[in-house]
Amino acid sequence: MDDRDWVLIDVETAGLSSPVVVELAAQRMRGWSPQGPAWRRLLNHGPDMNQERSRVHGLSRALIERDGEAPAQVYREWADYIDGLPLVAFDLPQALHRALQPEWVRLGLAPIGTEGFCALRLAQRLLDPVPVVSGKLQTLRQYYRLPERTPASALGEVETGVDLLGTVLQPLAMRRGLHTWQAVCEHAQAPWYPSRLAFGEFKGRHFREALSDPALRAWLEWLAGSSSPRSASMGRWYLAQLAEPAPEVDEELAQVETPAGRGAQGEPVAADPAQAGVLVFVKPEVEELKALIASARVRLADLEARYTQERHDVDVTQARLFGLLRPHYQQRDRLRLLVSYRRQYLDALVYDGEEAAEAVAQQCDEAWQQSDAEYEQVAFEAAEQKALPEDEARELKSLWRKLVRLFHPDRFAHDAAKLAIFQQLTSEINRARDSGDVQRLREIAQDPNAFLLKQGWGHLDFTDSIEAASLRKLFETLQLQIVLMLDALNELRRDARYELHQLSQEREGYLQEVARTHVQALDEEITALAAESGALSEEIEMLTGLPAPGQLL
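Residues numbered from 1 in each chain as written. Predicted model: local features only at pLDDT ≥ 70, side-chain atom pairs only at ≥ 80, totals over all residues. Heavy atoms only, no water.

### Some thoughts on the side chain of Glu-310
Then, in step 1: Relative to the elements of secondary structure, Glu-310 occurs in helix 11 (residues 286-352).
Then, in step 2: Among the polar contacts listed, one links the side chain of Glu-310 to the side chain of Arg-493, at a separation of 2.7 Å.
Then, in step 3: In this structure Glu-310 touches Leu-489, Leu-492, Arg-493 and Tyr-498, once residues within four positions along its chain are discounted. (Helix = DSSP H or I, 4+ residues; strand = E, 2+ residues; numbered from the N terminus. Polar contact = N/O pair within 3.5 Å; in protein donor to acceptor, adjacent residues only side chain to side chain. Contact = heavy atoms within 4.5 Å.)

### Details of the packing of aromatic side chains
Then, in step 1: Scanning the entire structure with this criterion turns up 19 aromatic pairs.
Then, in step 2: Pairing Trp-6 with Trp-181 gives two aromatic rings, centres 5.9 Å apart and planes at 40 degrees, and the pair type is tilted. Of the two residues, Trp-6 is situated in strand 1 (residues 5-14) and Trp-181 in helix 8 (residues 181-189); the sequence distance between them amounts to 175 residues. Like Trp-6, the residue Trp-181 is buried in the burial classification.
Then, in step 3: Ring geometry for Phe-322 and Tyr-375: centres 6.3 Å apart, planes at 20 degrees, overall stacked. Of this pair, Phe-322 sits in helix 11 while Tyr-375 sits in helix 12 (residues 354-384), and the two are 53 residues apart along the sequence.
Then, in step 4: For Phe-322, a relative accessible area of 18% corresponds to the buried category.
Then, in step 5: A connected cluster of aromatic rings, assembled from ring pairs, spans Tyr-193, Phe-207, Trp-237 and Tyr-238. (Phe/Tyr/Trp six-rings, centres within 6.5 Å; stacked < 30°, edge-to-face > 60°. Buried < 20%, exposed > 50% of the residue type's maximum accessible area, 1.4 Å probe, protein only.)

### A look at helix 12
The α-helix winds at 3.6 residues per turn, so residues separated by three or four positions along the chain end up facing the same way.
Then, in step 1: If you check helix 12, its first and last C-alpha atoms are 46 Å apart, about what 31 residues at 1.5 Å a residue would give, namely 45 Å.
Then, in step 2: For helix 12, the set of buried residues is Ala-357, Val-360, Ala-361, Cys-364, Ala-367, Trp-368, Ser-371, Asp-372, Tyr-375, Ala-379 and Ala-382.
Then, in step 3: Packed against the buried residues of helix 12 are helix 11. (Expected span 1.5 Å × (residues − 1).)

### Details of the nonpolar core
Then, in step 1: Judged by nonpolar contacts, the single largest core of 109 residues is most densely connected at Trp-78, Leu-100, Leu-127, Tyr-144 and Leu-169.
Then, in step 2: Once residues lying within four places of it in the same chain are set aside, the contact partners of Tyr-144 are Leu-127, Val-130, Leu-164, Val-168 and Val-256.
Then, in step 3: Formed by 18 residues, the second largest nonpolar core is a distinct cluster that contains Leu-335, Val-339, Leu-529 and Ile-540. (Core = buried A, V, L, I, M, F, W, Y, C linked by side-chain atoms within 4.5 Å.)

### Considering the pattern of salt bridges
Then, in step 1: Within the structure shown, the criterion is met by 34 salt bridges.
Then, in step 2: The partner of Glu-103 in a salt bridge is Arg-106, with the nearest N and O atoms 2.6 Å apart. Placement of the pair is Glu-103 and Arg-106 together in helix 4 (residues 92-107), with a separation of 3 residues, close to one helical turn.
Then, in step 3: On the basis of relative accessibility, which here comes to 39%, the residue Arg-106 falls in the partly exposed class.
Then, in step 4: The salt bridge partner of Glu-428 is Arg-431, with a shortest N-O separation of 2.6 Å. A residue pair is termed a helical-turn pair when its members lie 3 or 4 positions apart in one helix, as Glu-428 and Arg-431 do in helix 14 (residues 416-435) at 3 residues.
Then, in step 5: Judged by relative accessible area, Glu-428 falls into the buried class, the value being 11%. (Salt bridge = Lys/Arg side-chain N within 4 Å of Asp/Glu carboxyl O.)

### Quick look at the state of the cysteines
Then, in step 1: Overall, the coordinates contain 0 disulfides when judged by the stated rule.
Then, in step 2: Between Cys-118, a cysteine without a disulfide, and Cys-185, which holds the nearest cysteine sulfur, the sulfur-to-sulfur distance is 11 Å. (Disulfide = S-S within 2.5 Å.)

### Examining unusual backbone geometry
Then, in step 1: Notably, Asp-83 is not glycine yet its phi reads approximately 55 degrees, a positive angle.
Then, in step 2: As for its placement among the helices and strands, Asp-83 is situated in the loop between helix 3 (71-82) and strand 5 (86-89).
Then, in step 3: Asp-83 gets classed as exposed once you look at its relative accessible area, which sits at 53%.
Then, in step 4: A positive phi angle is found at Arg-145, which is not glycine, with a value near 55 degrees.
Then, in step 5: Looking at the secondary structure, you find Arg-145 in the loop between helix 6 (137-143) and helix 7 (154-175).

### A few points about the pairing of strand 1
Then, in step 1: Buried residues dominate strand 1, accounting for 9 of its 10 residues.
Then, in step 2: Alignment of strand 1 against strand 2 (residues 20-30), held across 10 bridges, turns out to be antiparallel. Each bridged residue has a counterpart across the sheet, and for Trp-6 the counterpart in strand 2 is Met-29.
Then, in step 3: Across 3 bridges, strand 1 lies against strand 5 in parallel orientation. When the sheet's bridge partners are listed, Leu-8 is paired in strand 5 with Val-88. (Pairing = 2+ DSSP bridges.)

### Some details on the side chain of Asp-372
Then, in step 1: Summarising the element assignment, Asp-372 is placed in helix 12.
Then, in step 2: For Asp-372, the side chain forms a polar contact with the side chain of Gln-330, separated by 3.1 Å.
Then, in step 3: Side chain to side chain, Asp-372 and Arg-334 meet in a polar contact 3.3 Å long.
Then, in step 4: Aside from chain neighbours lying at most four places away, what touches Asp-372 is Gln-330 and Arg-334.

The analysis is restricted to geometry; functional conclusions fall outside its scope.
Here it is, written out as structure tokens:
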């Protein structure tokens, strides 16, 4: 990029009200390459940190107090490091517009550096049709098998950003003719929409299929005529692209090659995690596409099996915690209902009379019974949650290697009835996955069409077509599924319930410690609710001479 100097940045924020920056990281760049050491500091603003954010980025209040520095001092040092250069971030609006600029205003500081480009927008355009669905940098790191850097930190995000830019985005930019800083900035900022439609009747279809599909073209024209400026702009953009010839690079596939080359099934494999690979471009023939598809299916199957196992483990831990806390939660919720309905009873009695109050009393009894029934149902479901035996855990990979062969919605795109059947099947697979229903997955994988017929849904052809164009669509579909699965797995691992499961596995008795802490808080709430419900009961009995609703509680 003209050997232009610029700075890649990232921030971590925390705060219960307006967020404050607690970690700041930067790497000076020249063109696509890092120059000199990275820069990183912790900022100590004083106010209590948001505990959820602390769990995500791992920066506890104690760590900030120990290692954090005064914000004014940190920003003076950062300004010296930045030296007025353009700032680039993977999510520039978040880092610059919603975090740094408001903080500079709050602290009375002059702006530091100038605005460069958003690396996320650049990645979305250059990586298309590989979907950048969630915009999470770590998902792209995993997808392209880049090395893992400093975990859960702004510095790690900067380091991974450098890897992605140099390993993946630079070769793609060069092939698009983006040789200058200005060209890269304009490309990142220009209007753009994904090749595969993200919503609507033709969701998942490549917009260029409108050249041969009148219904899809009519939909794009309808979109362009929308009264919504955003939708109309999108439709006009797609139609304008259809008027231009498809870029030649669309016929090629970009693959990351590592120093160790490819694995046995054609997948890129890194010999040394610290070594980044390089992006190569291939025009695969039918047999090569089949090898790539086989590799993608194996990878997707492994991810699906891992997600199913880990989500099931989390559910089992939650079921154990529910068993320890059920009596306390149930008593707390019954008292909450009692207090709520006794308040309503008094209001109805005073303003609407005894008949209205009696109706509230009846509603109280019904709500109480419904609450108890719901607890019984949850208890039944929790009792069904058991850790998967080792043989079933091993079987998951085998099951998913059969199930991923079903991912090919492109084949049914032109047949609404077949597409509806396919969507029903994939929804059922996802439900079984999310509930840990291995038996259901086993039934579908053993004979998909027998399962479809049993449900009365019809019949589908799951054999692979030999046409290169069809195989390419299948490969793109599998890429999408891999990215979505990486996102889902990362999201699961960021959940507090996953952390609870991990800690309960690492520390004997930890779950019981957590339960005791919850019990203490619940008992305090129960005591307060019991006192309030008692006071309301006395008031009702004084006014009516009759027992208050919910006396059996």
